[in-house]
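# Chains, contacts and geometry: an overview
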There are 2 protein chains.
Amino acid sequence: MNIGEVAERSGLPPKTIRYYEDIGLVRPQRSDNGYRAFRETDLHKLVFLGRARALGFSIEDCRTLLGLYEDESRESAQVKAIAEEHLTAIDDKISQLRDMRQTLSQLIDACHGDHRPDCPILSDLSGTPG
Amino acid sequence: MNIGEVAERSGLPPKTIRYYEDIGLVRPQRSDNGYRAFRETDLHKLVFLGRARALGFSIEDCRTLLGLYEDESRESAQVKAIAEEHLTAIDDKISQLRDMRQTLSQLIDACHGDHRPDCPILSDLSGTPG
DNA sequence: TATAGGGCTTCCAGTCACTGGAAGCTCAAG
DNA sequence: CTTGAGCTTCCAGTGACTGGAAGCCCTATA
């Protein structure tokens, strides 16, 4: 498979796949003409990476997960630990965003949003009381 | 004020303040010795920036908001529009994260997490049915 | 056979918002 | 006069790509 086909089938852009090769996540062979030659196992790995990234795992997590995926003697506890840590990080982000959302929507509600210049949003940002 | 004091009072690291000067968000004067000389208005701006960033506004949004903040003839509708667009972006991110969270926590629940190698998390990532 | 195009290659630069570190100047205290 | 903190600039790195240029490869058509 050339990169175009594997991109199509994995759903990842060719640029991303080349990048993944650069950082050693996949190691496709090469054809005589210099083109990357992907095997089915490479495709599987790329699909794996696409899904893991879609779940928000970092590239380094993905690298570790791929390693575990290929390690027949892994312990599922290792995978679960990584996933749980990531879940905690997601929860942290969600609660940060919720805090932002809360403050911001209050400010938006307080702003009349017309042609007049006075604006509770700017007042709050500037620290002006009131 | 030197950068140390303004950093202390604004809560922003000196590095960040220098960066904000680099990109033109603040324009402190200079003392004879070459040190940045911040006035109270510079401090106000930095506090404003710190709060706006804490609400997740991008630097470019911050630049626009600062402009409106300093523009006496602004219309509050302009500010509100920026804030509303940002709120939408926050909501989008929250729902993305919630989707991730949902999938991930299901996988975690399904994984026994012991010394055995079989793992629903890896199965799902690899696309293996079951 | 010439050529046009699309796909492939590499390499460099840019994104966003900082952050770390090196080399060197300035200033106040002891 | 030295020490050390604080200030300066400049360069490089972060994460995970993404865009673009220059150029090779392959196939189809005139």
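Nothing here was measured: the structure is a model prediction, and the numbers come from that model.

Mapping chain B onto chain A calls for a screw motion: a turn of 180° about the axis and a shift of 0.0 Å along it, with 0.0 Å RMSD after fitting. Classification of the inter-copy transformation places it as that of a two-fold axis. Relative to the rotation axis, the C-alpha of B:I94 is the closest in chain B, positioned 3.0 Å from it. Interface overlap between copies: 100% of the residues of chain B at the interface are likewise at the interface in chain A, consistent with a symmetric, same-surface contact.

A word on the interface of chain B and chain A. Listed per partner, the contact involves 50 residues of chain B and 50 residues of chain A. A combined buried area of about 4300 Å² lies between chain B and chain A, and 73% of that area is made up of carbon and sulfur atoms. There are 2 salt bridges connecting chain B and chain A. The partner of A:R101 in a salt bridge is B:D91, with the nearest N and O atoms 2.6 Å apart. In this assembly, chain B and chain A are joined by 20 residue pairs in polar contact (both at pLDDT 80 or more). Elements that contribute at least two residues to the side of chain B that touches chain A include exactly helix 3 (40–54), helix 4 (59–70), helix 5 (76–110) and helix 6 (120–126) of chain B. A total of 21 residues in the side of chain B that touches chain A trace back to one element, the largest contributor, which is helix 5 of chain B. For the side of chain B that touches chain A, the per-class residue count stands at 26 nonpolar, 10 polar and 14 charged.

Residues and elements named next belong to chain A. When you line up the elements, L12 lands in the loop between helix 1 (3–10) and helix 2 (14–22). Taking relative accessible area as the criterion, L12 reaches 12% and is therefore assigned buried. In the structure, L12 is positioned 36 residues away from F48 in sequence and 11 Å away in space, judged by C-alpha atoms. Once residues lying within four places of it in the same chain are set aside, the contact partners of L12 are A7, I17, Y20, L46 and G50.

Moving on to the protein's contact with DNA strand D. Around DNA strand D, the surrounding shell holds 19 residues, and the nearest of these are A:K15, A:Y20, B:G4, B:Y35 and B:R36. A share of 66% is what sugar and phosphate atoms reach among the atoms of DNA strand D within 4 Å of the protein. Between DNA strand D and the protein, one listed contact pairs a phosphate oxygen with a backbone N or O atom of A:I59 at 3.3 Å. Elements represented by at least two residues in the surface near DNA strand D include exactly helix 2 of chain A together with helix 1 (3–10) and helix 2 (14–22) of chain B.

The subject of this paragraph is the domain arrangement of chain A. When its domains are assigned, chain A resolves into domain 1 (1–74) and domain 2 (84–130). Computed from C-alpha coordinates alone, the two centres of domain 1 of chain A and domain 2 of chain A are separated by 39 Å.

Before going further, it helps to examine the pattern of salt bridges. Overall, the coordinates contain 18 salt bridges over all chains when judged by the stated rule. Between A:K45 and A:E70 there is a salt bridge, with its nearest N and O atoms 3.4 Å apart. Note that A:K45 is positioned in helix 3 (residues 40–54) and A:E70 in helix 4 (residues 59–70), a separation of 25 residues in sequence. Note on A:K45: relative accessible area 17%, which makes it buried. Judged by its relative accessible area of 48%, A:E70 falls in the partly exposed class. With a shortest N-O distance of 2.4 Å, B:E21 and B:R36 are connected by a salt bridge. Of this pair, B:E21 sits in helix 2 while B:R36 is found in strand 2 (residues 36–37), placing the two residues 15 residues apart along the sequence. Comparing B:E21 with B:R36 shows no difference in burial state: the two are buried.

Each value, and the rule that gives it
- Residues numbered from 1 in each chain as written.
- Chains lettered and ligands numbered in written order.
- Predicted model: local features only at pLDDT ≥ 70, side-chain atom pairs only at ≥ 80, totals over all residues.
- Heavy atoms only, no water.
- Least-squares fit on C-alpha atoms with pLDDT ≥ 70 in both.
- Contact = heavy atoms within 4.5 Å.
- Buried area = accessible area lost by both parts, 1.4 Å probe.
- Salt bridge = Lys/Arg side-chain N within 4 Å of Asp/Glu carboxyl O.
- Polar contact = N/O pair within 3.5 Å; in protein donor to acceptor, adjacent residues only side chain to side chain.
- Helix = DSSP H or I, 4+ residues; strand = E, 2+ residues; numbered from the N terminus.
- Nonpolar A, V, L, I, M, F, W, Y, C, P; charged D, E, K, R; others polar.
- Buried < 20%, exposed > 50% of the residue type's maximum accessible area, 1.4 Å probe, protein only.
- Near = heavy atom within 4 Å.
- Domains from an automatic or database assignment.

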